[in-house]
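Okay, here's what each chain looks like letter by letter:
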Amino acid sequence: MPHEDFANEAVDQRDRAERLARGNPDRLRLAAVDGKTVGGKAADDQTATEQASTGEVVTEQVPVGEVFTEQAARKKAIADQAADGWAGAGETAGAIVKELPPELFVTHGTNAEMRWEAMRDVGYHVPNERFFVRNHTSTPVIDAATWRLELHGSGLSNPRSFDYEELLALPAVTRDVAIECAGNGRSLFAAQQHQEVSGTPWRLGGIGVARWRGVPLATVLDRAGLTPDAVDVMPRGLDPHYVCDGVDFGPVRRPIPVAKALKDVILAYEMNGRTLPPDHGYPVRMVVPSWIGLASVKWVGDIEVSASPLASPWTTEFYRMFGEAYPPEGGAPLALQGVKSAFELPWDAELRVGHPYVLHGRSWSGNGRIAGVEVSVDGGATWQHAHLCGPHVVPAWTRWHIGWNPRETGPHTLLARAVDETGAVQPPQTPHNNFGYLFDAVAGHPVTVVNG
């Protein structure tokens, strides 16, 4: 398995983020179908360095001297962030800490949805400042100097705790992983299928891919003496208690099977080469690849490991399917995400008739890599294969593009449907459930073609 130089990787990530912060204007790229520009950058794939991400695990045992150098750098970053006003001790900074400019986000109370058009001309990873936010309550502001990760339960022979510095000193991995809310696409149940559901009305912007760095959960479980009879692992967040209809459900927590915990879950402390931001789980969060975002618990404070099955309201009351097609107690707790696609284009965008465009988008699946994407510009009457971007198709999500020169004015519906490596294809409709989870149908993206 290839190794990477993380120091160079971190520098590259920071430089890219700083360039973005200085302002690459987001715009719909106009281009001739042959790849020549009409009014902007070339319409070919973005740089090879942005496409070189493989999503493979990079395991590193850092020499002792370098550990202290890295830790000193992180301490300085934490101090700088404290100076910016977000490193208090257990305070609540508000529902969301970071700024939410309307050109980047649609706000939904304690949540913020990424605008897909804001990803045009952005690389493979969603920059931290543009990453969607899903909070059940509000972002806590935690002091890493006093933070502890407690491991306890009947599935451990050596229960113990780790402080922040101890965690940073453990061998680390780097992974490209998508985090996606289980309710992503929820509003389309009503808008597209004319079915009533409850919950935050996400369109398709409740997802993001980042390069996460942290410690494999398997490593800390091993050091805490994971026993052969352990079956479930349940992280618990340090966020304020979730209260609904007068019921206090406590902080967010959700068990996962030991087999999944040992396979690919990490305790992340960096996001895109930077210290994890508060809204995304500082100081440490779970990253659970391919599963619904809820499993990637933020602000982790303790982990219970049990020799008997565990449950929480987030596997009994919520995050399972309820409705006419399901038993009264609901379906099984949600786990894997389905196959989805989205255009990097404003909803209800206006395009000019007779002008060549390159339509861009991204597709992803909880089952694995995307094998192909088809696009329809006439509401599904005809389909064409989109070009998958990059020298290889990477696992977290896949970027694609296709040319279109609209010939008729009026409303049009753009469709994109993907197939993954298992053969799973986006369906024309998603079975209804009361909470609007796991919408995976082909999404109709409305645009209007105008003269001009």
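Residues numbered from 1 in each chain as written. Predicted model: local features only at pLDDT ≥ 70, side-chain atom pairs only at ≥ 80, totals over all residues. Heavy atoms only, no water.

A separate point is the overall build of the chain. When its secondary structure is counted, the chain shows 8 helices and 25 strands. Sorting the 452 residues of the chain into buried and exposed places 54% on the buried side. Long-range pairs, those at least 24 residues apart, make up 75% of the contacts in the chain between residues at least 6 apart in sequence. Counting every atom, the chain has about 18500 Å² of accessible surface; 53% of that belongs to carbon and sulfur. (Helix = DSSP H or I, 4+ residues; strand = E, 2+ residues; numbered from the N terminus. Buried < 20%, exposed > 50% of the residue type's maximum accessible area, 1.4 Å probe, protein only. Contact = heavy atoms within 4.5 Å. Areas by Shrake-Rupley, 256 points an atom, 1.4 Å probe, with all protein chains shown as cover.)

This part covers the sheet that holds strand E25 (residues 445–450). In space, the 5 strands of this open sheet follow the order E18-E25-E24-E20-E21, with mixed pairing throughout. A single partner strand is all that each edge strand has here, and the edge strands are strand E18 (349–352) and strand E21 (384–385). (Pairing = 2+ DSSP bridges.)

Reading across from one edge, E17-E19-E23-E22 is the order of the 4 strands in this open sheet, with antiparallel pairing throughout. Two strands in the sheet have a free side with no partner beyond their single neighbour: strand E17 (339–343) and strand E22 (387–388). For E22 and strand E23 (residues 398–404), the ladder comprises 2 bridges, and the chain directions are antiparallel. Residue Leu388 lies in a different strand from E23, and its bridge partner there is Trp400.

In this section: the nonpolar core. Nonpolar side chains tend to gather and get buried jointly when the protein is soluble and globular. Ranked by internal contacts, the top residues of the largest apolar core, which has 70 residues, are Trp212 and Leu217. Among residues more than four places away in sequence, those in contact with Leu217 are Val233, Ala261, Val265, Ile266, Leu267, Met286 and Ile303. If you look at the next biggest cluster of nonpolar residues, it comprises 22 residues, including Leu351, Val353, Val373 and Val449. (Core = buried A, V, L, I, M, F, W, Y, C linked by side-chain atoms within 4.5 Å.)

Next up on the list: the confidence of the model for the chain. Per-residue confidence for the chain gives a mean pLDDT of 84; residues scoring 70 or more make up 78%. For the stretch residues 1–92, pLDDT sits under 50, and the model shows 168 contacts to residues farther than four places along the chain or on other chains. (pLDDT = per-residue confidence, 0-100.)

Counted according to the given criterion, the structure contains 9 salt bridges. Linking Arg120 and Glu344 is a salt bridge whose minimum nitrogen-to-oxygen distance equals 2.9 Å. Of this pair, Arg120 sits in the loop between strand E3 (111–114) and strand E4 (140–141) while Glu344 sits in the loop between E17 and E18; the two residues are 224 residues apart in sequence, bridging distant segments of the chain. Overall, Glu344 belongs to the buried group, its relative accessible area being 3%. Through salt bridges with shared partners, one network takes in Arg120, Asp121, Glu344 and Arg362. (Salt bridge = Lys/Arg side-chain N within 4 Å of Asp/Glu carboxyl O.)

Quick look at the pairing of E17 now. Burial analysis of E17 places 5 of its 5 residues in the buried class, the great majority of the element. Sheet topology places E17 next to strand E19 (residues 357–365); 5 bridges connect them, and they run antiparallel. Its bridge partner lying in E19, Val339 is registered against Ser365.

A few words on the packing of aromatic side chains. As enumerated under the stated definition, the model contains 18 aromatic pairs in all. Centroid distance Phe249 to Phe318: 5.1 Å. Interplanar angle 70°. Geometry classified as edge-to-face. Of the two residues, Phe249 sits in the loop between strand E11 (247–248) and strand E12 (256–257) while Phe318 sits in the loop between helix H8 (313–316) and E17, which places them 69 residues apart along the sequence. The exposure class assigned to Phe318 is buried, which follows from its relative accessible area of 16%. Between Phe343 and Trp400, the ring centres sit 5.3 Å apart and the planes meet at 85°, which makes this aromatic pair edge-to-face. Within this pair, whereas Phe343 is found in strand E17, its partner Trp400 is found in strand E23, the two being separated by 57 residues in sequence. The exposure class of Phe343 is buried, given its relative accessible area of 4%. Taken together, the ring pairs connect Phe131, Phe132, Trp202 and Trp212 into an aromatic cluster. Directly above the aromatic system of Phe162 lies the positively charged group of Arg160, at a separation of 3.8 Å from the ring centroid. (Phe/Tyr/Trp six-rings, centres within 6.5 Å; stacked < 30°, edge-to-face > 60°. Lys NZ or Arg CZ within 6 Å of the ring centre and 35° of its normal.)

Let's shift gears to the environment of Pro313. Note that Pro313 resides in helix H8. Exposure remark for Pro313: the relative accessible area of 14% places this residue in the buried category. Residues Pro313 and Val252 lie 61 residues apart in sequence; the distance between their C-alpha atoms is 8.7 Å.

It is worth spelling out the environment of Glu166 at this point. Mapped onto the secondary structure, Glu166 falls in helix H4 (residues 164–168). Taking the C-alpha atoms as reference points, Glu166 and Arg148, separated by 18 residues in sequence, lie 9.8 Å from one another. Residues within four places of Glu166 in sequence aside, it is in contact with Arg160 and Ser161.

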